[in-house]
Amino acid sequence: MRLLAVDHPLVAHKLTVLRDKNTNSPTFRLLTDELVTLLAYEATRDTRVDETEFETPVGLARGVKLTAPKPIVVPILRAGLGMLDGMTRLLPTAEVGFLGMIRNEETLEATTYANRLPDDLTGRQCYVLDPMLATGGTLAAAIGYLVGRGASHITAVCLLAAPEGLQLVERETQNLGVPITIVTAAVDERLDENGYIVPGLGDAGDRLYGLTD
Ligand SMILES: O=P(O)(O)OC[C@H]1O[C@H](OP(=O)(O)OP(=O)(O)O)[C@H](O)[C@@H]1O
Ligand SMILES: O=c1cc[nH]c(=O)[nH]1
Ligand SMILES: [Mg+2]
């Protein structure tokens, strides 16, 4: 597993405002969108392209175009949905599949309640979107699922990751035989006794979609 914690002053600035408990839902959504676009720039470094020849108004030129089949972007509902527009802004021709997963707040076990993905992902590059990598149970299950359908290359884009979750994802995916990259805006200190990231930003789904206040 490869970990990329993006070190950039704009990422750090936006993340600071995002973490602040006084930041309201509309601002939280906007900052999430902006942060994902910045992270997506790094996350798409390995996107496969083919060489192509074409004409400019002045003459023949060589360039590249995305390899077919195009990458697939998979937001993990609910909170990952807040990251979709930021990602597809950079990859507008990517396909989008959906996984709905919920973590039991007591056992911290993740279960899948919705799935709208192609059955066959053979050879596909997949970009998984989930803002919080806490215990890592959700992401490890999502990766297992995608690789089980044939995905050949997984990049997860997270806003925050906990060291405990990174270790779990590494352990659970190391024998899958598929390159896994985690791109995040920051690796935080630890998890608290409720499985929340510290200092974190709270419950990303509630903060995006306003179920708290
Ligand atoms: O690493 P883990 O310990 O598995 O936790 C992370 C997961 O928890 C949150 O989802 P949640 O279950 O709150 O669902 P939601 O997105 O609908 O709020 C978050 O969006 C991740 O998907
Ligand atoms: O800190 C956390 C952990 C899991 N899910 C969240 O939304 N936040
Ligand atoms: Mg939640």
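Each chain carries its own residue numbering, running from 1 in the direction its sequence is written. Lettering of chains starts at A and numbering of ligands starts at 1, both following the order in which they are written. The predicted nature of this model means local features are confined to residues of pLDDT at least 70 and side-chain atom pairs, given and counted, to a pLDDT of 80 or more, with totals for whole chains, interfaces and linings taken over all residues. As a rule here, side-chain values cover all heavy atoms of the structure and leave hydrogens and water aside.

Draft legend 1. Region of the structure containing the confidence of the model for the chain. Note on scores: pLDDT gives the predictor's confidence for each residue, bounded by 0 and 100. Averaged over the chain, the pLDDT score is 97; the fraction of residues at 70 or greater is 99%. Predicted as a complex, the structure gets a pTM of 0.97 and an ipTM equal to 0.98.

Draft legend 2. Fine view of the UniProt feature "binding site: 5-phospho-alpha-D-ribose 1-diphosphate" (unreviewed entry) in the chain. Mapped onto this numbering, the UniProt entry gives "binding site: 5-phospho-alpha-D-ribose 1-diphosphate" (unreviewed entry) at Arg78, Arg103, Asp130, Pro131, Met132, Leu133, Ala134, Thr135, Gly136, Gly137, Thr138 and Asp203. Elements are defined by DSSP. Helices are runs of H or I of four residues or more, strands are runs of E of two residues or more, and each kind is numbered from the N terminus. Within the secondary structure layout, Pro131 lies in the loop between strand E8 (125-129) and strand E9 (132-133). Between buried and exposed lies partly exposed: a residue is buried under 20% and exposed over 50% of the maximum accessible area for its type, with that area taken using a 1.4 Å probe on protein chains only. Among the residues examined, Pro131 registers a relative accessible area of 2% and is labelled buried. Apart from residues lying up to four places away in sequence, Pro131 is in contact with Ala79, Gly80, Met83, Cys158, Leu159, Leu160 and Ala204. Take Leu133: it is sitting in strand E9. Given the relative accessible area of 2%, Leu133 is considered buried. Not counting residues up to four positions away in its chain, the partners in contact with Leu133 are Leu139, Cys158, Leu160, Ala161, Ala162, Gly165, Leu166, Val169, Ile182 and Ile197. UniProt positions are given in the numbering used here, feature names are shortened, and annotations may be inferred rather than shown by experiment. Contacts are residue-level and defined by heavy atoms, with any inter-residue pair within 4.5 Å sufficient.

Draft legend 3. Broad picture of unusual backbone geometry. Between Ala68 and Pro69 the backbone carries a cis peptide bond, its omega angle lying at -5 degrees. A positive phi angle, near 65 degrees, is found at Leu108, a position not held by glycine. Classification of Leu108 as partly exposed rests on a relative accessible area of 22%.

Draft legend 4. Expanded view of the packing of helix H1 (residues 9-19) against helix H2 (residues 25-43). Closest axis-to-axis distance for the H1/H2 pair is 10 Å, and the angle between their directions is 155 degrees. Classified by the angle between their axes, H1 and H2 sit roughly antiparallel to one another. For the element pair H1 and H2, the recorded crossing hand is left-handed. Taken together, the residues of H2 that come into contact with H1 (itself represented by Leu10, Val11, Lys14, Leu15, Val17 and Leu18) are Phe28, Leu31, Thr32, Glu34, Leu35 and Leu38. Note on residue classes: Ala, Val, Leu, Ile, Met, Phe, Trp, Tyr, Cys and Pro are nonpolar, Asp, Glu, Lys and Arg are charged, and everything else, Gly too, is polar. Looking at side-chain class alone, the contact of H1 with H2 contains nine nonpolar, one polar and two charged residues. Comment: axis = line fitted to C-alpha atoms, over the contacting stretch for helices; angle = value between 0 and 180 degrees taken between N-to-C directions. Here roughly perpendicular refers to angles of 65 to 115 degrees, roughly parallel to angles under 35, roughly antiparallel to angles over 145, and oblique to all remaining angles. For any helix crossing, the convention is left-handed if the near helix is rotated counterclockwise from the far helix by under a right angle, and right-handed if that rotation is clockwise.

Draft legend 5. Quick look at helix H5 (residues 163-173). Restricting attention to buried positions, one finds in H5 the residues Gly165, Leu166, Val169 and Thr173. For H5, the arc enclosing every buried residue in end-on projection is 100 degrees, short of the 170-degree limit, so these residues lie on one face. Those residues of H5 hidden inside the fold are in contact with strand E1 (2-5), E9, helix H4 (137-148), strand E10 (153-161) and strand E11 (180-187). Picture the helix axis, draw a direction to every C-beta atom, and the arc is the one those directions span.

Draft legend 6. View of the environment of Val128. Its place among the elements puts Val128 in strand E8. The class of Val128 is buried, set by a relative accessible area of 1%. When the C-alpha atoms of Val128 and Ile154 are compared, they prove to be 7.3 Å apart, with 26 residues separating the residues in sequence.

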